[in-house]
Amino acid sequence: VDSQFAMLESVITVLADAGVGSRWPRPVLSLLVCLICYVIGLIFITRGGIYWFQLFDYYSALIALFFVTGLECIGLMWCRHSTWPSFVNLVKEWTGTRLCFLHRILWKVVCPA
């Protein structure tokens, strides 16, 4: 139960900080998030609920991981060209090794593909 409170509070804080629920008081935003989670959770108590649960359990983390990693590669290499040199400098500062041209090709072309 404690982890559910922490997860709910994290989602509400992100929504409030992003300005999504800025026109509603925090308790109303909490109620809306709880209702949305409740409605989404109803699918798991149907006769086919265990299949839906297995689908979410197996694929949700995997797809989210690939999606976030792809966005990081695209954001690092394609969105702002000034980001790559500062990233290379940070890697050099933190690890002591310099990223070569091969890393740039891999992160720009291979990883997002």
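Residues numbered from 1 in each chain as written. Predicted model: local features only at pLDDT ≥ 70, side-chain atom pairs only at ≥ 80, totals over all residues. Heavy atoms only, no water.

Student: Go over the overall build of the protein chain with me, naming the residues and quoting the values.
Tutor: In terms of helices and strands, the protein chain carries five helices and zero strands. For 113 residues, the compact-globule estimate of 2.2 N^0.38 gives 13 Å, and the protein chain exceeds it by more than 25% at 20 Å. Dimensions of the protein chain, computed from C-alpha atoms along their principal axes, come out at roughly 50 × 35 × 25 Å. In the protein chain, buried positions account for 12% of the 113 residues. The contacts in the protein chain between residues at least 6 apart in sequence include a share of 23% that link residues at least 24 apart. Summed over its atoms, the accessible surface of the protein chain is roughly 9,100 Å², and 71% of this surface lies on carbon and sulfur atoms. Each charge class in the protein chain can be summarised by its mean position, and for the 8 positive and 6 negative side chains these summaries are 14 Å apart. (Helix = DSSP H or I, 4+ residues; strand = E, 2+ residues; numbered from the N terminus. Rg over C-alpha atoms; globule rule 2.2 N^0.38 Å. Buried < 20%, exposed > 50% of the residue type's maximum accessible area, 1.4 Å probe, protein only. Contact = heavy atoms within 4.5 Å. Areas by Shrake-Rupley, 256 points an atom, 1.4 Å probe, with all protein chains shown as cover. Lys, Arg positive; Asp, Glu negative; His and termini not counted. Charge placed at Lys NZ, Arg CZ, Asp CG, Glu CD.)

Student: Lay out the layout of surface pockets with the relevant residues and their values.
Tutor: In this model, the largest pocket occupies a volume close to 200 Å³. In terms of lining residues, the largest pocket is bounded by Gln4, Met7, Leu8, Val11, Val33, Ile36 and Cys37. Ranked by the residues each element gives to the lining of the largest pocket, the list is headed by helix H1 (residues 2-18), at four residues. Tallied by class, the residues present in the lining of the largest pocket amount to six nonpolar, one polar and no charged. (1 Å grid on protein atoms, 1.4 Å probe; cavity = no way out; pocket = protein on both sides within 12 Å on 5 of 7 lines; lining within 4 Å. Points joined across faces, edges and corners; volume = space filled by probe spheres on them. Nonpolar A, V, L, I, M, F, W, Y, C, P; charged D, E, K, R; others polar.)

Student: Give a description of a nonpolar patch on the surface that names residues and reports values.
Tutor: On the surface, Trp52, Leu55, Phe56, Tyr58, Tyr59, Leu62, Ile63 and Phe66 cluster together into a nonpolar patch covering about 860 Å² of accessible area. Take tyrosine 59: it is sitting in helix H3 (residues 49-79). A relative accessible area of 42% means that tyrosine 59 is categorised as partly exposed. (Patch = residues over 30% accessible without salt bridge, like charges linked within 9 Å, V, L, I, M, F, W, Y side chains within 5 Å. Salt bridge = Lys/Arg side-chain N within 4 Å of Asp/Glu carboxyl O.)

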